[in-house]
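Observations on the three-dimensional arrangement
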Amino acid sequence: MTTSGGTLVLAATSPEPGRSGPPGPYGRLFAVPGARAFTAGNLLARLPMGMFGVSAVIMIAGERGSYALAGAVAATGLAATALVAPWTARLVDRHGQARVAVPAAALAVLGQLALALCVHCGAPDWTLFAAYAATATTPNTGGMSRARWAHLLRDDPAARHTANSFEQAADELCFMLGPVLAAWLCAGLFPEAGTLVGAGLLLTGVLLFAAQRSTEPPASGRSAKPGSPLRTPGMVPMLAVFLATGAVFGSTEVVTIAFVDGPAAGAVLALTAAGSCLAGLAYGRVRRTARLRTCLAAMTALMALPLLAAAGTGSLPALAGALLVAGMATAPTMVTGMGAIQSLTPEGRLNEGMTLAVTALLGGIAAGSAAGGWTVELAGAAHGYAIPVTAAALALTLTLLPAGTTRTRAS
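Values in this document were obtained by computation on a predicted structure and should not be read as measured data.

Of regular secondary structure, the protein chain possesses 17 helices and two strands. Among the 411 residues that make up the protein chain, the fraction classed as buried is 49%. Relative to all contacts within the protein chain whose residues are 6 or more apart in sequence, the contacts with residues 24 or more apart total 84%. Here the protein chain displays about 18500 Å² of accessible surface, and carbon together with sulfur accounts for 67% of that area.

The next subject is helix α13 (residues 316–327). Its 12 residues place the ends of α13 16 Å apart at the C-alpha level, agreeing with the 16 Å of an ideal helix rising 1.5 Å per residue. Of all the positions in α13, only L319, A320, A322, L323, A326 and G327 are classed as buried. Seen from one end, α13 has its buried residues packed into an arc of 165 degrees, which puts them on one side. Capping the start of α13 is the job of one residue whose side-chain oxygen sits 3.3 Å from the backbone nitrogen of A318: S315.

Our focus in this paragraph is the side chain of T375. Within the secondary structure, T375 sits in helix α15 (residues 350–379). Within the structure, T375 has its side chain in polar contact with the backbone oxygen of A371 (distance 2.8 Å).

Turning our eyes to something else, we now look at helix α5 (residues 97–121). A rise of 1.5 Å per residue sets the reference length of α5, with its 25 residues, at 36 Å; its end C-alpha atoms lie 35 Å apart and thus fit the reference within 8%. Directly beyond the C-terminal end of α5, a positive phi value near 70 degrees is found at G122.

The subject of this paragraph is the nonpolar core. Counting 39 residues, the largest nonpolar core has L29, I60, L115, L128, W149, L153 and L202 as its most contacted members. A per-element tally of this core places α5 first, with nine residues. In this structure L128 touches I60, R64, L69, V73, L115, C118 and V119, once residues within four positions along its chain are discounted. Within the second largest apolar cluster, 32 residues are counted, among which are M303, A326, M354 and L361.

What follows deals with the packing of helix α10 (residues 235–260) against α15. Running from N to C, α10 and α15 point in directions that differ by 40 degrees, and their axes come no closer than 5 Å. Looking at the two axes, α10 sits oblique to α15. Helix-helix and strand crossings are classified by hand; for α10 and α15 the assignment is right-handed. Where α10 approaches α15, its residues L239, F242, L243, T245, G246, A247, F249, G250, S251, V254, V255 and A258 are matched on the opposing element by L356, A357, A360, L361, G363, G364, I365, G368, S369, G372, G373 and V376. When its residues are assigned to classes, the contact of α10 with α15 shows 14 nonpolar, 10 polar and no charged.

Confidence in the prediction of the protein chain, expressed as mean pLDDT, is 79, and 87% of residues score 70 or more. Model confidence for the protein chain, summarised as mean pLDDT per element, is weakest for helix α17 (residues 407–410) at 42 and strongest for helix α16 (residues 386–400) at 91. Per-residue pLDDT stays below 50 along residues 404–411; that stretch engages in 17 contacts with residues further than four places along the chain or on separate chains.

To continue, consider the side chain of T256. With respect to the element layout, T256 can be found in helix α10. Polar side-chain contacts of T256 include one of 2.8 Å to the side chain of Y385. Ignoring anything within four residues of it in the chain, the contact list for T256 reads V268, L269, L323 and Y385.

This paragraph deals with a nonpolar patch on the surface. A cluster of nonpolar side chains, contributed by L107, L110, L113, L189, F190 and L196, occupies part of the molecular surface with about 550 Å² of accessible area. It is α5 that contributes the most residues to the nonpolar patch, three residues altogether. Residue placement: F190 occurs in the loop between α8 (157–188) and α9 (193–210). For F190, a relative accessible area of 39% corresponds to the partly exposed category.

Attention shifts here to the pattern of salt bridges. A full pass over the atoms with the stated rule returns two salt bridges. R46 serves as the salt-bridge partner of E167, at 2.4 Å between the closest nitrogen and oxygen. In this pair, E167 sits in helix α8 while R46 sits in helix α2 (residues 35–46), placing the two residues 121 residues apart along the sequence. Classification of R46 by relative accessible area gives buried; the value is 3%.

Mapped onto the elements, G275 comes out in helix α11 (residues 265–283). For G275 and E172, which are 103 residues apart along the polypeptide, the C-alpha to C-alpha distance reads 9.0 Å. With sequence-adjacent residues up to four places away left out, G275 is seen in contact with L324, G327 and M328.

Axis angle and axis distance: for two packed helices, these are the angle between their axes and the distance between the axes, and together they describe the pair. Interaxial distance between α10 and helix α12 (residues 292–313) falls to 13 Å at its minimum, and their mutual angle equals 15 degrees. Overall, the two elements α10 and α12 adopt an arrangement that is roughly parallel. Classified by chirality, the crossing of α12 by α10 is left-handed. For the pair formed by α10 and α12, the contact residues are M238, V241, T245, V248, F249, T252 and F259 on the first element and L292, L296, M299, M303 and A310 on the second. Along the lines of polarity and charge, the residues of the contact of α10 with α12 split into 10 nonpolar, two polar and no charged.

If you walk through the whole model with that rule in mind, you get five aromatic pairs. Both rings, one in F259 and one in Y385, keep their centres 6.4 Å apart while their planes meet at 65 degrees; by these two values the pair is edge-to-face. One end of the pair, F259, is in helix α10; the other, Y385, is in the loop between α15 and α16, with 126 residues separating them in the sequence. The buried category is assigned to Y385, whose relative accessible area is 1%. Here the aromatic cluster, defined as three or more aromatic residues joined through ring pairs, consists of F30, F38, W149, F166 and F209. Sitting above the plane of the F38 ring, R148 keeps its charged end 5.7 Å from the centroid. For R148, the ring lying beneath its charged end belongs to F209, and the centroid distance is 4.1 Å.

The rules we used
Residues numbered from 1 in each chain as written. Predicted model: local features only at pLDDT ≥ 70, side-chain atom pairs only at ≥ 80, totals over all residues. Heavy atoms only, no water. Helix = DSSP H or I, 4+ residues; strand = E, 2+ residues; numbered from the N terminus. Buried < 20%, exposed > 50% of the residue type's maximum accessible area, 1.4 Å probe, protein only. Contact = heavy atoms within 4.5 Å. Areas by Shrake-Rupley, 256 points an atom, 1.4 Å probe, with all protein chains shown as cover. Expected span 1.5 Å × (residues − 1). Arc of directions from axis to C-beta. Polar contact = N/O pair within 3.5 Å; in protein donor to acceptor, adjacent residues only side chain to side chain. Core = buried A, V, L, I, M, F, W, Y, C linked by side-chain atoms within 4.5 Å. Axes fitted to C-alpha atoms, helices over the stretch in contact; angles between N-to-C directions. Parallel < 35°, antiparallel > 145°, perpendicular 65-115°, else oblique. Left-handed = near helix turned anticlockwise from the far one by under 90°. Nonpolar A, V, L, I, M, F, W, Y, C, P; charged D, E, K, R; others polar. pLDDT = per-residue confidence, 0-100. Patch = residues over 30% accessible without salt bridge, like charges linked within 9 Å, V, L, I, M, F, W, Y side chains within 5 Å. Salt bridge = Lys/Arg side-chain N within 4 Å of Asp/Glu carboxyl O. Phe/Tyr/Trp six-rings, centres within 6.5 Å; stacked < 30°, edge-to-face > 60°. Lys NZ or Arg CZ within 6 Å of the ring centre and 35° of its normal.

So this is what it looks like as C-alpha coordinates:
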(Lines give C-alpha, C1' and ligand atoms only; values in the text may rest on other atoms or scores of the structure.)
Protein backbone atom coordinates (compact mmCIF):
# COMPACT_ATOMS: atom_id res chain seq x y z
CA MET A 1 0.00 0.00 0.00
CA THR A 2 1.07 3.56 -0.64
CA THR A 3 -0.42 7.08 -0.71
CA SER A 4 -1.08 9.27 -3.74
CA GLY A 5 -2.45 12.77 -3.31
CA GLY A 6 -3.62 11.95 0.18
CA THR A 7 -5.41 8.77 -1.00
CA LEU A 8 -4.48 5.28 0.15
CA VAL A 9 -4.00 2.96 -2.86
CA LEU A 10 -2.86 -0.63 -3.43
CA ALA A 11 0.12 -1.23 -5.69
CA ALA A 12 1.78 -4.43 -6.89
CA THR A 13 5.34 -4.83 -5.71
CA SER A 14 8.16 -6.91 -7.12
CA PRO A 15 9.67 -9.69 -5.04
CA GLU A 16 12.62 -8.66 -2.96
CA PRO A 17 16.01 -9.50 -4.43
CA GLY A 18 16.98 -13.04 -3.53
CA ARG A 19 13.42 -14.08 -2.72
CA SER A 20 11.44 -16.39 -4.98
CA GLY A 21 7.95 -15.67 -6.21
CA PRO A 22 4.83 -17.54 -5.18
CA PRO A 23 5.12 -21.35 -5.22
CA GLY A 24 3.81 -23.31 -8.16
CA PRO A 25 0.96 -25.86 -8.00
CA TYR A 26 3.16 -28.62 -6.61
CA GLY A 27 4.85 -26.28 -4.13
CA ARG A 28 1.43 -25.29 -2.77
CA LEU A 29 0.40 -28.94 -2.72
CA PHE A 30 3.23 -30.07 -0.48
CA ALA A 31 2.92 -27.02 1.73
CA VAL A 32 -0.16 -28.73 3.19
CA PRO A 33 0.79 -29.88 6.72
CA GLY A 34 1.65 -33.58 6.79
CA ALA A 35 1.55 -34.01 3.01
CA ARG A 36 5.25 -34.72 2.59
CA ALA A 37 5.31 -37.30 5.39
CA PHE A 38 2.40 -39.42 4.18
CA THR A 39 3.58 -39.15 0.56
CA ALA A 40 7.05 -40.46 1.46
CA GLY A 41 5.61 -43.47 3.27
CA ASN A 42 3.14 -44.16 0.49
CA LEU A 43 5.79 -44.05 -2.24
CA LEU A 44 7.86 -46.54 -0.27
CA ALA A 45 4.87 -48.84 0.04
CA ARG A 46 3.89 -48.39 -3.62
CA LEU A 47 7.27 -49.25 -5.16
CA PRO A 48 6.86 -53.02 -4.52
CA MET A 49 3.69 -53.01 -6.64
CA GLY A 50 5.99 -52.93 -9.67
CA MET A 51 8.33 -55.51 -8.14
CA PHE A 52 6.22 -58.45 -7.00
CA GLY A 53 5.00 -59.75 -10.36
CA VAL A 54 8.40 -59.60 -12.04
CA SER A 55 10.09 -61.07 -8.96
CA ALA A 56 7.64 -63.98 -8.81
CA VAL A 57 8.09 -64.82 -12.49
CA ILE A 58 11.90 -64.66 -12.35
CA MET A 59 12.04 -66.60 -9.08
CA ILE A 60 9.66 -69.40 -10.11
CA ALA A 61 10.94 -69.72 -13.68
CA GLY A 62 14.54 -69.77 -12.49
CA GLU A 63 14.01 -72.37 -9.76
CA ARG A 64 11.36 -74.55 -11.44
CA GLY A 65 12.36 -74.02 -15.08
CA SER A 66 8.83 -73.25 -16.25
CA TYR A 67 7.53 -69.91 -17.47
CA ALA A 68 4.11 -71.51 -17.85
CA LEU A 69 4.01 -72.28 -14.12
CA ALA A 70 5.34 -68.82 -13.28
CA GLY A 71 2.72 -67.13 -15.44
CA ALA A 72 -0.09 -69.25 -13.99
CA VAL A 73 0.94 -68.42 -10.42
CA ALA A 74 1.11 -64.70 -11.26
CA ALA A 75 -2.32 -64.85 -12.91
CA THR A 76 -3.75 -66.54 -9.82
CA GLY A 77 -2.47 -63.75 -7.62
CA LEU A 78 -3.97 -61.18 -9.97
CA ALA A 79 -7.36 -62.90 -9.93
CA ALA A 80 -7.33 -63.22 -6.14
CA THR A 81 -6.47 -59.54 -5.77
CA ALA A 82 -9.32 -58.56 -8.08
CA LEU A 83 -11.75 -60.44 -5.82
CA VAL A 84 -10.39 -59.38 -2.43
CA ALA A 85 -9.25 -55.78 -3.01
CA PRO A 86 -12.73 -54.16 -3.08
CA TRP A 87 -13.60 -55.81 0.24
CA THR A 88 -10.34 -54.63 1.79
CA ALA A 89 -11.06 -51.12 0.53
CA ARG A 90 -14.57 -51.24 2.01
CA LEU A 91 -13.06 -52.09 5.41
CA VAL A 92 -10.62 -49.20 5.02
CA ASP A 93 -13.49 -46.79 4.39
CA ARG A 94 -15.49 -48.12 7.33
CA HIS A 95 -12.79 -48.54 9.97
CA GLY A 96 -9.99 -46.21 8.86
CA GLN A 97 -6.77 -46.56 6.91
CA ALA A 98 -4.41 -47.31 9.80
CA ARG A 99 -6.64 -49.94 11.46
CA VAL A 100 -7.09 -51.95 8.26
CA ALA A 101 -4.06 -51.27 6.04
CA VAL A 102 -1.45 -52.41 8.57
CA PRO A 103 -2.88 -55.89 9.26
CA ALA A 104 -3.82 -56.29 5.57
CA ALA A 105 -0.24 -55.49 4.53
CA ALA A 106 1.12 -57.85 7.19
CA LEU A 107 -0.99 -60.72 5.81
CA ALA A 108 0.16 -59.93 2.27
CA VAL A 109 3.80 -59.89 3.40
CA LEU A 110 3.33 -63.30 5.01
CA GLY A 111 2.02 -64.56 1.67
CA GLN A 112 5.08 -63.20 -0.15
CA LEU A 113 7.42 -64.80 2.41
CA ALA A 114 5.55 -68.09 2.12
CA LEU A 115 5.91 -67.99 -1.67
CA ALA A 116 9.67 -67.40 -1.44
CA LEU A 117 10.02 -70.20 1.13
CA CYS A 118 8.00 -72.67 -0.95
CA VAL A 119 10.05 -71.93 -4.06
CA HIS A 120 13.35 -72.16 -2.17
CA CYS A 121 12.47 -75.44 -0.44
CA GLY A 122 11.04 -77.13 -3.52
CA ALA A 123 7.50 -77.42 -2.16
CA PRO A 124 4.76 -78.86 -4.43
CA ASP A 125 3.47 -76.57 -7.15
CA TRP A 126 0.05 -76.15 -5.54
CA THR A 127 1.66 -74.42 -2.56
CA LEU A 128 2.88 -71.64 -4.85
CA PHE A 129 -0.66 -70.90 -5.97
CA ALA A 130 -1.93 -70.91 -2.38
CA ALA A 131 0.87 -68.67 -1.12
CA TYR A 132 0.53 -66.10 -3.89
CA ALA A 133 -3.24 -66.01 -3.51
CA ALA A 134 -2.66 -65.04 0.14
CA THR A 135 -1.05 -61.79 -1.04
CA ALA A 136 -4.46 -60.56 -2.26
CA THR A 137 -4.92 -58.50 0.91
CA THR A 138 -2.27 -56.02 -0.25
CA PRO A 139 -3.90 -52.62 0.38
CA ASN A 140 -4.43 -50.18 -2.45
CA THR A 141 -1.85 -47.67 -1.25
CA GLY A 142 -2.35 -45.39 -4.24
CA GLY A 143 -6.07 -45.22 -3.56
CA MET A 144 -5.50 -44.43 0.10
CA SER A 145 -3.15 -41.60 -0.82
CA ARG A 146 -5.70 -40.16 -3.26
CA ALA A 147 -8.34 -40.41 -0.53
CA ARG A 148 -6.15 -38.33 1.78
CA TRP A 149 -5.73 -35.65 -0.85
CA ALA A 150 -9.48 -35.64 -1.48
CA HIS A 151 -10.06 -35.14 2.25
CA LEU A 152 -7.40 -32.46 2.72
CA LEU A 153 -8.32 -30.55 -0.46
CA ARG A 154 -12.08 -31.09 -0.43
CA ASP A 155 -12.69 -27.34 -0.91
CA ASP A 156 -10.06 -26.82 -3.63
CA PRO A 157 -10.85 -28.61 -6.93
CA ALA A 158 -7.78 -27.18 -8.69
CA ALA A 159 -5.46 -28.50 -6.00
CA ARG A 160 -7.19 -31.90 -6.12
CA HIS A 161 -6.49 -32.04 -9.85
CA THR A 162 -2.80 -31.34 -9.19
CA ALA A 163 -2.75 -34.00 -6.47
CA ASN A 164 -4.36 -36.61 -8.72
CA SER A 165 -1.86 -35.79 -11.46
CA PHE A 166 1.02 -36.21 -9.03
CA GLU A 167 -0.36 -39.55 -7.85
CA GLN A 168 -0.62 -40.84 -11.41
CA ALA A 169 2.96 -39.74 -12.11
CA ALA A 170 4.02 -41.53 -8.93
CA ASP A 171 2.27 -44.70 -10.12
CA GLU A 172 4.14 -44.56 -13.41
CA LEU A 173 7.46 -43.92 -11.66
CA CYS A 174 6.98 -46.91 -9.36
CA PHE A 175 6.00 -49.21 -12.20
CA MET A 176 8.99 -47.94 -14.16
CA LEU A 177 11.56 -48.45 -11.38
CA GLY A 178 10.01 -51.48 -9.68
CA PRO A 179 10.64 -54.08 -12.42
CA VAL A 180 14.20 -52.82 -12.96
CA LEU A 181 14.98 -53.08 -9.23
CA ALA A 182 13.36 -56.51 -9.01
CA ALA A 183 15.31 -57.87 -11.99
CA TRP A 184 18.57 -56.48 -10.60
CA LEU A 185 17.99 -58.01 -7.16
CA CYS A 186 16.97 -61.42 -8.49
CA ALA A 187 19.83 -61.61 -10.97
CA GLY A 188 22.52 -59.92 -8.88
CA LEU A 189 21.85 -61.51 -5.48
CA PHE A 190 19.61 -64.59 -5.39
CA PRO A 191 16.24 -65.52 -6.95
CA GLU A 192 14.18 -64.71 -3.85
CA ALA A 193 15.83 -61.31 -3.27
CA GLY A 194 13.26 -59.27 -5.20
CA THR A 195 10.34 -60.77 -3.29
CA LEU A 196 12.01 -60.35 0.11
CA VAL A 197 13.06 -56.74 -0.48
CA GLY A 198 9.63 -55.89 -1.88
CA ALA A 199 7.93 -57.38 1.18
CA GLY A 200 10.14 -55.34 3.50
CA LEU A 201 9.47 -52.13 1.57
CA LEU A 202 5.71 -52.74 1.57
CA LEU A 203 5.43 -53.29 5.31
CA THR A 204 7.78 -50.43 6.18
CA GLY A 205 6.02 -48.01 3.86
CA VAL A 206 2.54 -48.91 5.11
CA LEU A 207 3.66 -48.50 8.73
CA LEU A 208 5.12 -45.05 7.98
CA PHE A 209 2.03 -44.05 6.00
CA ALA A 210 -0.40 -45.24 8.66
CA ALA A 211 1.54 -43.40 11.37
CA GLN A 212 0.56 -40.05 9.81
CA ARG A 213 -2.80 -39.89 11.58
CA SER A 214 -3.29 -36.13 11.24
CA THR A 215 -3.95 -36.40 7.50
CA GLU A 216 -6.03 -39.59 7.60
CA PRO A 217 -9.62 -39.11 6.45
CA PRO A 218 -12.21 -39.99 9.11
CA ALA A 219 -13.64 -43.48 9.04
CA SER A 220 -17.21 -43.61 7.84
CA GLY A 221 -18.25 -46.34 10.29
CA ARG A 222 -21.88 -47.20 9.71
CA SER A 223 -22.71 -43.70 8.49
CA ALA A 224 -21.70 -44.35 4.88
CA LYS A 225 -24.48 -44.67 2.35
CA PRO A 226 -25.61 -48.32 2.12
CA GLY A 227 -24.89 -50.43 -0.91
CA SER A 228 -21.91 -50.84 -3.18
CA PRO A 229 -20.61 -48.00 -5.38
CA LEU A 230 -21.48 -50.35 -8.24
CA ARG A 231 -25.11 -49.32 -7.74
CA THR A 232 -24.32 -45.67 -8.43
CA PRO A 233 -25.67 -44.61 -11.85
CA GLY A 234 -22.80 -44.35 -14.31
CA MET A 235 -20.30 -46.37 -12.26
CA VAL A 236 -20.55 -49.64 -14.22
CA PRO A 237 -20.10 -47.92 -17.63
CA MET A 238 -17.13 -46.05 -16.18
CA LEU A 239 -15.59 -49.31 -14.98
CA ALA A 240 -16.09 -50.72 -18.47
CA VAL A 241 -13.97 -47.83 -19.77
CA PHE A 242 -11.27 -48.71 -17.24
CA LEU A 243 -11.46 -52.36 -18.32
CA ALA A 244 -10.83 -51.42 -21.96
CA THR A 245 -8.07 -49.00 -20.93
CA GLY A 246 -6.36 -51.76 -18.95
CA ALA A 247 -6.35 -53.86 -22.12
CA VAL A 248 -4.27 -51.13 -23.75
CA PHE A 249 -1.59 -51.49 -21.06
CA GLY A 250 -1.59 -55.30 -20.92
CA SER A 251 -1.39 -55.81 -24.68
CA THR A 252 1.30 -53.15 -25.12
CA GLU A 253 3.52 -54.86 -22.56
CA VAL A 254 3.23 -58.37 -24.03
CA VAL A 255 3.58 -57.25 -27.65
CA THR A 256 6.62 -55.09 -26.85
CA ILE A 257 8.35 -57.95 -25.04
CA ALA A 258 7.70 -60.18 -28.04
CA PHE A 259 8.89 -57.58 -30.56
CA VAL A 260 12.12 -56.69 -28.72
CA ASP A 261 12.77 -60.30 -27.66
CA GLY A 262 15.75 -59.53 -25.48
CA PRO A 263 17.03 -57.80 -22.35
CA ALA A 264 16.31 -54.37 -23.85
CA ALA A 265 12.55 -55.00 -23.54
CA GLY A 266 12.44 -53.64 -20.00
CA ALA A 267 14.16 -50.42 -20.98
CA VAL A 268 11.87 -49.95 -23.99
CA LEU A 269 8.77 -50.48 -21.84
CA ALA A 270 10.14 -48.04 -19.29
CA LEU A 271 9.98 -45.32 -21.95
CA THR A 272 6.19 -45.67 -22.03
CA ALA A 273 6.04 -45.14 -18.27
CA ALA A 274 8.51 -42.26 -18.52
CA GLY A 275 6.34 -40.51 -21.10
CA SER A 276 3.30 -40.96 -18.91
CA CYS A 277 5.13 -39.71 -15.82
CA LEU A 278 6.26 -36.52 -17.56
CA ALA A 279 2.81 -35.93 -19.03
CA GLY A 280 1.21 -36.46 -15.63
CA LEU A 281 3.39 -33.84 -13.97
CA ALA A 282 2.71 -31.39 -16.80
CA TYR A 283 -1.02 -32.11 -16.71
CA GLY A 284 -1.08 -31.25 -13.02
CA ARG A 285 0.03 -27.72 -13.77
CA VAL A 286 -2.76 -26.85 -16.19
CA ARG A 287 -5.79 -25.00 -14.91
CA ARG A 288 -8.35 -26.41 -17.32
CA THR A 289 -8.57 -30.17 -17.59
CA ALA A 290 -9.48 -32.11 -20.70
CA ARG A 291 -12.59 -34.26 -20.95
CA LEU A 292 -12.25 -38.03 -20.80
CA ARG A 293 -13.40 -38.41 -24.40
CA THR A 294 -10.67 -36.03 -25.53
CA CYS A 295 -8.02 -37.95 -23.57
CA LEU A 296 -9.15 -41.29 -24.99
CA ALA A 297 -9.24 -39.88 -28.51
CA ALA A 298 -5.63 -38.73 -28.05
CA MET A 299 -4.69 -42.15 -26.65
CA THR A 300 -6.25 -43.91 -29.66
CA ALA A 301 -4.35 -41.69 -32.07
CA LEU A 302 -1.02 -41.94 -30.26
CA MET A 303 -1.28 -45.72 -29.81
CA ALA A 304 -1.23 -45.97 -33.60
CA LEU A 305 2.37 -44.69 -33.59
CA PRO A 306 3.94 -47.93 -32.24
CA LEU A 307 1.93 -49.91 -34.82
CA LEU A 308 3.23 -47.70 -37.62
CA ALA A 309 6.80 -47.85 -36.29
CA ALA A 310 6.83 -51.63 -35.82
CA ALA A 311 4.94 -52.65 -38.96
CA GLY A 312 6.22 -49.85 -41.18
CA THR A 313 9.91 -49.61 -40.26
CA GLY A 314 10.70 -52.53 -37.96
CA SER A 315 13.23 -50.23 -36.31
CA LEU A 316 13.73 -50.61 -32.55
CA PRO A 317 14.75 -46.94 -32.04
CA ALA A 318 11.66 -45.84 -33.97
CA LEU A 319 9.48 -48.08 -31.80
CA ALA A 320 11.10 -46.76 -28.62
CA GLY A 321 10.38 -43.17 -29.64
CA ALA A 322 6.82 -44.06 -30.60
CA LEU A 323 6.19 -45.71 -27.21
CA LEU A 324 7.60 -42.67 -25.40
CA VAL A 325 5.16 -40.38 -27.22
CA ALA A 326 2.25 -42.84 -26.93
CA GLY A 327 2.79 -43.07 -23.18
CA MET A 328 2.10 -39.36 -22.83
CA ALA A 329 -1.61 -40.03 -23.29
CA THR A 330 -1.76 -42.42 -20.34
CA ALA A 331 -1.51 -40.11 -17.33
CA PRO A 332 -4.05 -37.48 -18.50
CA THR A 333 -6.50 -40.28 -19.30
CA MET A 334 -6.06 -41.94 -15.92
CA VAL A 335 -6.19 -38.66 -13.99
CA THR A 336 -9.41 -37.64 -15.72
CA GLY A 337 -10.89 -41.10 -15.31
CA MET A 338 -10.04 -41.28 -11.61
CA GLY A 339 -11.58 -37.85 -11.17
CA ALA A 340 -14.79 -39.18 -12.69
CA ILE A 341 -14.70 -42.20 -10.36
CA GLN A 342 -14.28 -39.89 -7.35
CA SER A 343 -17.25 -37.79 -8.42
CA LEU A 344 -19.43 -40.89 -8.86
CA THR A 345 -18.47 -42.62 -5.60
CA PRO A 346 -20.86 -42.09 -2.66
CA GLU A 347 -19.56 -40.28 0.40
CA GLY A 348 -17.64 -42.56 2.73
CA ARG A 349 -16.86 -45.12 -0.01
CA LEU A 350 -13.96 -43.40 -1.80
CA ASN A 351 -11.36 -46.12 -1.22
CA GLU A 352 -13.79 -48.78 -2.40
CA GLY A 353 -14.73 -46.82 -5.52
CA MET A 354 -11.13 -46.24 -6.57
CA THR A 355 -10.21 -49.85 -5.82
CA LEU A 356 -13.04 -51.01 -8.10
CA ALA A 357 -11.43 -48.90 -10.83
CA VAL A 358 -8.05 -50.52 -10.16
CA THR A 359 -9.70 -53.96 -10.23
CA ALA A 360 -11.23 -53.16 -13.61
CA LEU A 361 -7.80 -52.08 -14.84
CA LEU A 362 -6.26 -55.35 -13.64
CA GLY A 363 -8.95 -57.33 -15.44
CA GLY A 364 -8.30 -55.35 -18.59
CA ILE A 365 -4.54 -55.88 -18.28
CA ALA A 366 -5.07 -59.64 -18.03
CA ALA A 367 -7.42 -59.66 -21.04
CA GLY A 368 -5.10 -57.42 -23.04
CA SER A 369 -2.12 -59.63 -22.25
CA ALA A 370 -3.97 -62.69 -23.51
CA ALA A 371 -5.21 -60.92 -26.66
CA GLY A 372 -1.78 -59.49 -27.36
CA GLY A 373 -0.07 -62.87 -26.96
CA TRP A 374 -2.63 -64.57 -29.19
CA THR A 375 -2.20 -61.91 -31.90
CA VAL A 376 1.59 -62.20 -31.76
CA GLU A 377 1.35 -65.96 -32.29
CA LEU A 378 -1.14 -65.55 -35.14
CA ALA A 379 0.06 -62.46 -37.01
CA GLY A 380 3.49 -61.56 -35.63
CA ALA A 381 4.72 -59.08 -33.04
CA ALA A 382 4.61 -56.03 -35.31
CA HIS A 383 0.91 -56.45 -36.05
CA GLY A 384 0.24 -57.15 -32.37
CA TYR A 385 0.26 -53.39 -31.78
CA ALA A 386 -3.15 -53.30 -33.43
CA ILE A 387 -4.60 -54.63 -30.15
CA PRO A 388 -3.73 -51.52 -28.04
CA VAL A 389 -5.20 -49.29 -30.76
CA THR A 390 -8.38 -51.38 -30.83
CA ALA A 391 -8.68 -51.36 -27.04
CA ALA A 392 -8.23 -47.59 -26.86
CA ALA A 393 -10.85 -47.12 -29.57
CA LEU A 394 -13.22 -49.37 -27.62
CA ALA A 395 -12.72 -47.29 -24.47
CA LEU A 396 -13.47 -44.14 -26.49
CA THR A 397 -16.60 -45.72 -27.96
CA LEU A 398 -17.88 -46.64 -24.50
CA THR A 399 -17.82 -42.98 -23.45
CA LEU A 400 -19.98 -42.12 -26.47
CA LEU A 401 -22.79 -44.50 -25.52
CA PRO A 402 -25.97 -42.95 -24.05
CA ALA A 403 -25.52 -45.00 -20.88
CA GLY A 404 -22.06 -43.52 -20.29
CA THR A 405 -21.02 -41.48 -17.32
CA THR A 406 -22.19 -37.95 -16.69
CA ARG A 407 -21.38 -35.58 -19.49
CA THR A 408 -20.15 -32.86 -17.18
CA ARG A 409 -17.55 -35.00 -15.49
CA ALA A 410 -16.39 -37.67 -17.94
CA SER A 411 -17.64 -36.89 -21.44
